[in-house]
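Analysis of the macromolecular model
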Amino acid sequence: MKVTVIALLLVIDQAIGATWVYSQGPKGPSNWLNSYAACGTRAQSPISIEHENSVANKNLGTFDRSVFTSLPASMELVNNGHALQVNMDGSYTISDRSVLPNDYKAVQFHLHWAAANKSEGSEHWLNGKQYFAELHVVHYNTKYASIGEAVNKPDGLAVLGVFVDINDETNEHFNLLLNPINRVQIPNQEMTYTSKFSVANFLPTDLSEYYRYRGSLTTPPCFDSVVWTVFKEPIHMSRDQARVLQTSLYDGINSTAKVGGNFRLPQPINGREVSRPYKSGANPIPLPIFLQITAMLAVVKTLYF
Ligand SMILES: [Zn+2]
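Read on for a plain summary of the structure. (Residues numbered from 1 in each chain as written. Predicted model: local features only at pLDDT ≥ 70, side-chain atom pairs only at ≥ 80, totals over all residues. Heavy atoms only, no water.)

Check the secondary structure of the chain and you find 7 helices and 15 strands. The 305 residues of the chain split such that 46% are buried. Looking at the chain alone, contacts between residues at least 24 apart form 71% of all its contacts between residues at least 6 apart. For the chain, the computed accessible surface area is about 15100 Å², with 56% contributed by carbon and sulfur atoms. (Helix = DSSP H or I, 4+ residues; strand = E, 2+ residues; numbered from the N terminus. Buried < 20%, exposed > 50% of the residue type's maximum accessible area, 1.4 Å probe, protein only. Contact = heavy atoms within 4.5 Å. Areas by Shrake-Rupley, 256 points an atom, 1.4 Å probe, with all protein chains shown as cover.)

Structure follows, in structure tokens:
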């Protein structure tokens, strides 16, 4: 019953599209907790992550890329009124206890990004830097029947966060979302993909370095139900691609405002631990040997060429 009510509220929320907003005001972030009590708990997300304050943990392993390469049974692109989202049916499940404490099944991913003419739009910050955008891959614990049932449970969700930086190179993978973006300009418009693609396209190369902490949904209803993974290495998109993302989606049915600046600011850490996989002393011994070989090669080159 409770689940049905929550599901219904989410539907109503989307239908009227105005029960909460990112801009300041009575429905803005500092007042979300008036309508959604969980937005005021002591374990909210996002947070500002400082590598130096994170704790190396030998029990944390590396995510296996091959899990993310599987294709969902069906996929659709959606403008949910607050973000650009890709829903996935019949997607992969992560069941590696070295990376996550339960089995978590992927259901959707979406983006948070900077407002037009701005360059800061990620939700998490890393070492004082706010990136252009942040991609969230949302998974639910398979011990629950659905994401609707899992969403408010302490062990209900696992979200993978990937920073998106800007450079001058087109990232073809993002064109999978940006080429059809005009087909979902209006909130709740959906487009079903005829050719599917995998989440692996949107993950960084290095899946061994990440930050882990317990937090929440970053939008109302803000439930403290998320085990967060924020990868250290960013992915990229070009300036032109960023502009398309910033200028294409309307945030309301009769609105002329564009979706963007759709991030929540870092929330108090309140003593929570941020951990990271332990990396065995990466360089001390190999580096001098490498330098010695380089020096020897240089000598050989001067002698013989
Ligand atoms: Zn998100």
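Now that the structure is up, let's keep going.
Moving on to the coordination of the zinc ion. The protein atoms donating to the zinc ion are His110 (NE2), His112 (NE2) and His136 (ND1), with metal-donor distances spanning 2.0 to 2.1 Å. Binding-site remark: the zinc ion is held by donors from one chain whose sequence spacing is H-x1-H-x23-H. Here His136 lies in strand 9 (residues 133-141) and His112 lies in strand 6 (residues 104-113), a separation of 24 residues in the sequence. We classify His112 as buried; its relative accessible area is 2%. On the basis of relative accessibility, which here comes to 2%, the residue His136 falls in the buried class. (Donors = N, O, S within 2.8 Å, 3.2 Å for Na, K, Ca; no water.)

Before going further, it helps to examine the nonpolar core. Where a protein is soluble and globular, its nonpolar side chains tend to be buried together. The biggest cluster of nonpolar side chains holds 48 residues, and the ones touching the most others in it are Phe63, Phe68, Phe109, Phe174 and Leu177. Of all the elements, strand 6 adds the most residues to this core, at 5 residues. Ranked by size, the runner-up nonpolar core spans 28 residues in total, among them Tyr22, Tyr144, Val151 and Leu157. (Core = buried A, V, L, I, M, F, W, Y, C linked by side-chain atoms within 4.5 Å.)

Time to look at the side chain of Ser208. Looking at the secondary structure, you find Ser208 in the loop between strand 11 (190-192) and strand 12 (210-215). The class for Ser208 is buried, based on a relative accessible area of 13%. Within the local environment of Ser208, its side chain forms a polar contact with the side chain of Asp206, the two groups lying 2.6 Å apart. In this structure the side chain of Ser208 is engaged in a polar contact, spanning 3.1 Å, whose partner is the side chain of Lys279. Every residue in contact with Ser208, bar those within four places of it in the chain, is listed here: Thr62, Pro277 and Lys279. (Polar contact = N/O pair within 3.5 Å; in protein donor to acceptor, adjacent residues only side chain to side chain.)

Throughout the structure, instances matching the rule amount to 1 disulfide. The disulfide partner of Cys39 is Cys222, and the S-S distance across this bridge is 2.0 Å. Across the disulfide from Cys39 to Cys222, rotation about the S-S bond amounts to roughly 80°, and the bridge is consequently right-handed. Of the two residues, Cys39 is situated in the loop between helix 2 (32-35) and strand 1 (48-49) and Cys222 in the loop between strand 12 and strand 13 (226-231); the sequence distance between them amounts to 183 residues. For the residue pair Cys39 and Cys222, the accessibility class agrees, reading buried in each case. (Disulfide = S-S within 2.5 Å.)

Inspection of the entire model under this criterion finds 14 aromatic pairs. With 5.3 Å between their ring centres and 80° between their planes, Trp20 and Tyr22 make a pair best called edge-to-face. Using a relative accessible area of 4% as the deciding quantity, one classes Trp20 as buried. Look at Tyr22 and Trp32: their rings are 5.8 Å apart centre to centre, the planes differ by 70°, and that puts the pair in the edge-to-face class. Here the residue Tyr22 occupies a position in the loop between helix 1 (2-16) and helix 2, and Trp32 occupies one in helix 2, the gap between them amounting to 10 residues. With respect to burial, Tyr22 and Trp32 carry one shared label: buried. Among the aromatic side chains, those forming a connected cluster through ring pairs are Phe63, Phe68, Tyr92, Tyr210 and Phe231. We note Lys129 situated over the ring of Tyr131; from NZ or CZ to the ring centre the distance is 4.8 Å. Above the ring of Tyr144, the side-chain terminus of Lys153 is found at 5.4 Å from the ring centroid. (Phe/Tyr/Trp six-rings, centres within 6.5 Å; stacked < 30°, edge-to-face > 60°. Lys NZ or Arg CZ within 6 Å of the ring centre and 35° of its normal.)

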